[in-house]
Amino acid sequence: MGPPHPHIPRQTRPSCSSSAASYREHMHSPESARRFPRGKEHQFIYRHGSKLHAYDRDKAPYPCSFDRDVVELQCMDNAMIVESKGSASFIDFKDHPPKRCLDIGTGLGLWVLSSAKAWPESTFVGIDMVNMQVPLQVLEPEIAQRVEWVHTNILRNKLPFDDDEFDHVHMQCVALGIPENKWHAVFEEIRRVMKPGATVEILEEDAIFPVLPRWYTDPLRAHGRGPSTIYPGAVQQQLTYPSPPDTSKLTHEHELLETLFNDVWAQRFINPTPSSCLPGYFAAFFERVLSPPILNFSTPPLAPFAPLAGAEGASMRSSYSTKDGASEPSGSGSVSSLLSPLLTDHTLDLSLSHSPTSTLPTSAGSVKEAISPTPSMSSLREEPHQNGTTNGNGTSNGTHPSVAPSATTNGNGLPRASRRDSEPRSIRSTTSQTGSHSSGGSYAAGSAAAAKASRRPSVMLFASSEESTSLGGDHAVDLIPFDTVQAQDAHSQFMHLYRAVTFVLSTKEAMWEELAARVGARDPALRRFGWREEDYVEQASRARFEQAVDLYQSDMRGRIALWHSLVQNGWELPRRDPLSKAEIADERALREDILAAQRLADTGEPEPPCRKVRLLVGVKES
């Protein structure tokens, strides 16, 4: 048989902690594998195609799946922050970055890796309840040796670190997995592991169920199918579920899913709007708190429909705008040549291809004429002030930090235009009578980014003063880099809507749990959604649930129209099989019905934002 293959011992990778390295070496040994079963942090369960964590619901109520498209949302969020700020942190540490950092709810570990590249002298610990981080062995050695992944459930266990160990703590997108009665314990543990003078930053997002208006969904149902032909690359197929429910008496087509989505949070005692509840909890544990008002990401306008495969001889003239904001002439190979013949018909108003959305106003008195991209650490350490909400004059109820010398204010505390630019600027968007968007959201006077931003809708806006308050006055506003965010391409709005919809779909199995509970209790409220006596069994209810999810996903896919954004950024239009003349005629009729319904339903009311985000920054003084 020959000699056995020689055993080559696995080299131990250097770590930022010798004890952590020895612990990993011990846990990976054969003896340890036999004595210690794999914990739930290393396990996933699969239900109806969804990848879920293995913890019991009462121990870890986080309802979202860990499917690939859901996990990849972390990449989008991290890229947007790094692109806007030039750093993964909202705090400008200048030449003195924190020496040791903790990332709670690290997920893939993207914040840790981005910060490790920016701060070469710092060490990092990323903690999460599941093992899904980027393997350290695939990282560059100089990064890997300063990074450590730790797995534990912070709702059931204390943080496995010493008191006063970290100089900076980061937490993002964790709030929708924490019951409201657990926040005091969570913040108490975070404060315990922070050194005196350490900083903490939290970025959390509300759970929003994007709703499609009736003018969009009713024509789809009237034509007896979902919008599979509105977007290219789709498989044209009919849903095979029997007796589709009558939704004409519902507020919108997908009200059942919205009800179940809200049940998910209510039954887990999780506040679906952490933007409203977190400031109170946060300010009770940390000092010198800064928090700008809630940030709304606007719902995108209705994108042009995809070209009809097989349609010929139609004019391609259009006032289509490129990503630079300028109108592109028609012609062979131009972007405008990708428009559907329907949208270039002389009898139709081209402005109907955009949703008449008016954006929300800014919060009063908290925006300065000149905004620095990143707040200095002096706003947290050198100017202590009492925590308080802004009053009507835009100042804090506590001792207000001094206003930057570059900003001048009028008697009401509002920004006054400088001599260099006599026209006041704001981040408020206005809507023209034709329903098109315009925005004056830039603070770099005369810059190219300002010119671009003024010709398209705002991507990110402050919430209204009635809806949101700020902590820290002008320094809180400085946390958000408005100039760079407003300079983002308008097509990023479609990505924000995609993110919101993908998040909703990530709770699919959690929504099914709530529906199953209603079915088991024979909830009569389900009859409003089309339930009959024979539907109060698991198999029939699951079929109706899958039908509702498939319709929502299909409708939203057509509304998001990612093909439109991809084509604008140089991708090829996905190919489709040519349509017959009858199919082309039917598709044109559907599109005409959608545009006509939109025109009739235009009330001028603002559409709700598809995302709401809140940032909180604080310090542990002692």
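Since this is a predicted model, take the numbers as computed values, not measurements.

Cut-offs applied
Residues numbered from 1 in each chain as written. Predicted model: local features only at pLDDT ≥ 70, side-chain atom pairs only at ≥ 80, totals over all residues. Heavy atoms only, no water. Helix = DSSP H or I, 4+ residues; strand = E, 2+ residues; numbered from the N terminus. Buried < 20%, exposed > 50% of the residue type's maximum accessible area, 1.4 Å probe, protein only. Areas by Shrake-Rupley, 256 points an atom, 1.4 Å probe, with all protein chains shown as cover. Axes fitted to C-alpha atoms, helices over the stretch in contact; angles between N-to-C directions. Left-handed = near helix turned anticlockwise from the far one by under 90°. Contact = heavy atoms within 4.5 Å. Nonpolar A, V, L, I, M, F, W, Y, C, P; charged D, E, K, R; others polar. Salt bridge = Lys/Arg side-chain N within 4 Å of Asp/Glu carboxyl O. Phe/Tyr/Trp six-rings, centres within 6.5 Å; stacked < 30°, edge-to-face > 60°. Lys NZ or Arg CZ within 6 Å of the ring centre and 35° of its normal. pLDDT = per-residue confidence, 0-100. Parallel < 35°, antiparallel > 145°, perpendicular 65-115°, else oblique. Patch = residues over 30% accessible without salt bridge, like charges linked within 9 Å, V, L, I, M, F, W, Y side chains within 5 Å. Lys, Arg positive; Asp, Glu negative; His and termini not counted. Charge placed at Lys NZ, Arg CZ, Asp CG, Glu CD. Core = buried A, V, L, I, M, F, W, Y, C linked by side-chain atoms within 4.5 Å. Pairing = 2+ DSSP bridges. Expected span 1.5 Å × (residues − 1).

Draft legend 1. Layout of the overall build of the protein. Secondary structure assignment for the protein yields 19 helices and 13 strands. Expressed as a percentage of its 622 residues, the buried residues of the protein come to 52%. Carbon together with sulfur atoms contributes 53% to the accessible area of the protein, which is approximately 29100 Å² in total.

Draft legend 2. Spatial organisation of the packing of helix H8 (residues 214–222) against helix H17 (residues 538–560). Orientation of H8 relative to H17, taken along the N-to-C sense of each, is 115°, at an axis distance of 11 Å. Crossing hand, H8 versus H17: right-handed. Residues Tyr-216, Thr-217, Leu-220 and Arg-221 of H8 touch H17, and the partners they reach there are Leu-551, Asp-555, Gly-558 and Arg-559. In the contact of H8 with H17, the residues fall into three nonpolar, two polar and three charged.

Draft legend 3. Examining the pattern of salt bridges more closely. Considering all chains together, one arrives at 35 salt bridges under this definition. Taking the shortest distance from any N to any O, the salt bridge between Glu-205 and Arg-611 comes out at 2.8 Å. Of the two residues, Glu-205 sits in strand E7 (residues 194–205) while Arg-611 sits in strand E13 (residues 611–619), which places them 406 residues apart along the sequence. By the burial criterion, Glu-205 is buried, and Arg-611 matches it. Measuring nitrogen to oxygen at the nearest pair gives 2.7 Å for the salt bridge that ties Arg-542 to Glu-546. One end of the pair is Arg-542 and the other is Glu-546, both in helix H17 and four residues apart, which spans about a single turn.

Draft legend 4. Region of the structure containing the packing of aromatic side chains. Within the structure shown, the criterion is met by 19 aromatic pairs. Centre to centre, the rings of Trp-512 and Phe-545 are 5.7 Å apart; their planes meet at 45°, and the pair counts as tilted. With Trp-512 in helix H16 (residues 508–520) and Phe-545 in helix H17, this residue pair connects regions lying 33 residues apart in the sequence. Taken together, Trp-183, Phe-187, Phe-282, Phe-285 and Phe-286 form an aromatic cluster joined through their ring pairs. For Lys-51, the ring lying beneath its charged end belongs to Phe-44, and the centroid distance is 4.4 Å. Between Arg-611 and the ring centre of Phe-297, over which it is positioned, the NZ or CZ distance is 5.1 Å.

Draft legend 5. How the structure looks around the side chain of Ser-50. Locating Ser-50 in the fold gives a position in strand E2 (residues 50–53). By relative accessible area, which is 8% here, Ser-50 ends up buried. In this structure, Ser-50 is in contact with Ile-45, Ser-65, Asp-67 and Glu-509, ignoring residues within four places of it in sequence.

Draft legend 6. The arrangement of the confidence of the model for the protein in detail. Per-residue pLDDT for the protein averages 73, and the proportion of residues at 70 or more is 64%. Predicted confidence for residues 1–28 stays below pLDDT 50, and this span has 29 contacts to residues more than four positions away or in other chains. Taken together, the stretch residues 233–239 has pLDDT below 50 and engages in 14 contacts with residues farther than four places along the chain or on a different chain.

Draft legend 7. The packing of helix H9 (residues 255–267) against H17, seen in detail. Following both chains from N to C, one finds H9 and H17 inclined at 105°, their axes separated by 9 Å at the closest point. By the angle between their directions, the pair H9 and H17 is classed as roughly perpendicular. Within the contact between the two elements, H9 uses Leu-256, Leu-257 and Leu-260 and H17 uses Phe-545, Ala-548, Val-549 and Tyr-552. For the contact of H9 with H17, a count of residues per class yields seven nonpolar, no polar and no charged.

Draft legend 8. Looking closely at the environment of Ser-115. Here Ser-115 shows up in helix H5 (residues 110–118). The class of Ser-115 is buried, set by a relative accessible area of 2%. Look past the residues within four positions of Ser-115 in its chain and what remains in contact with it is Ala-88 and Phe-124.

Draft legend 9. Structural view of a positive patch on the surface. Where like charges cluster on the molecular surface, the positive patch consists of Lys-40, Lys-59, Arg-156 and Lys-182. By the element assignment, Arg-156 lies in the loop between strand E5 (147–151) and strand E6 (166–172).

Draft legend 10. Representation of the nonpolar core in the model. Ranked by internal contacts, the top residues of the largest apolar core, which has 72 residues, are Phe-261, Trp-265, Leu-515, Leu-526, Trp-531 and Phe-545. Not counting residues within four places of it along the chain, the set of residues in contact with Phe-545 comprises Leu-257, Leu-260, Lys-508, Met-511, Trp-512 and Leu-515. One finds Val-150, Ala-198, Leu-278 and Leu-616 within the second-largest nonpolar core, a separate group that totals 32 residues.

Draft legend 11. A look at the environment of Thr-199. On the secondary structure map, Thr-199 appears in strand E7. Thr-199 sits in the buried class, given a relative accessible area of 0%. Separated by 89 residues in sequence, Thr-199 and Arg-288 have C-alpha atoms that sit 9.9 Å apart.

Draft legend 12. The arrangement of the pairing of E13 in detail. Summarising burial for E13: nine of the nine residues are buried, a large majority. Here seven bridges tie E7 to E13, and the two strands are oriented antiparallel to one another. Bridge pairing in E13 links Val-200 to Gly-618. Across two bridges, the pairing between strand E8 (residues 287–290) and E13 is antiparallel. Bridge pairing links Leu-290 to Val-617 in E13. By the bridge criterion, three bridges tie strand E9 (residues 295–297) to E13 in an arrangement that is antiparallel. Within E13, the residue paired with Leu-295 across the bridge is Val-613.

Draft legend 13. Structural view of helix H15 (residues 492–506). Between its first and last C-alpha atoms H15 spans 21 Å; for 15 residues at 1.5 Å apiece the expected length is 21 Å, and the two agree. Among the 15 residues that make up H15, twelve are buried, leaving the element largely enclosed by the rest of the structure.

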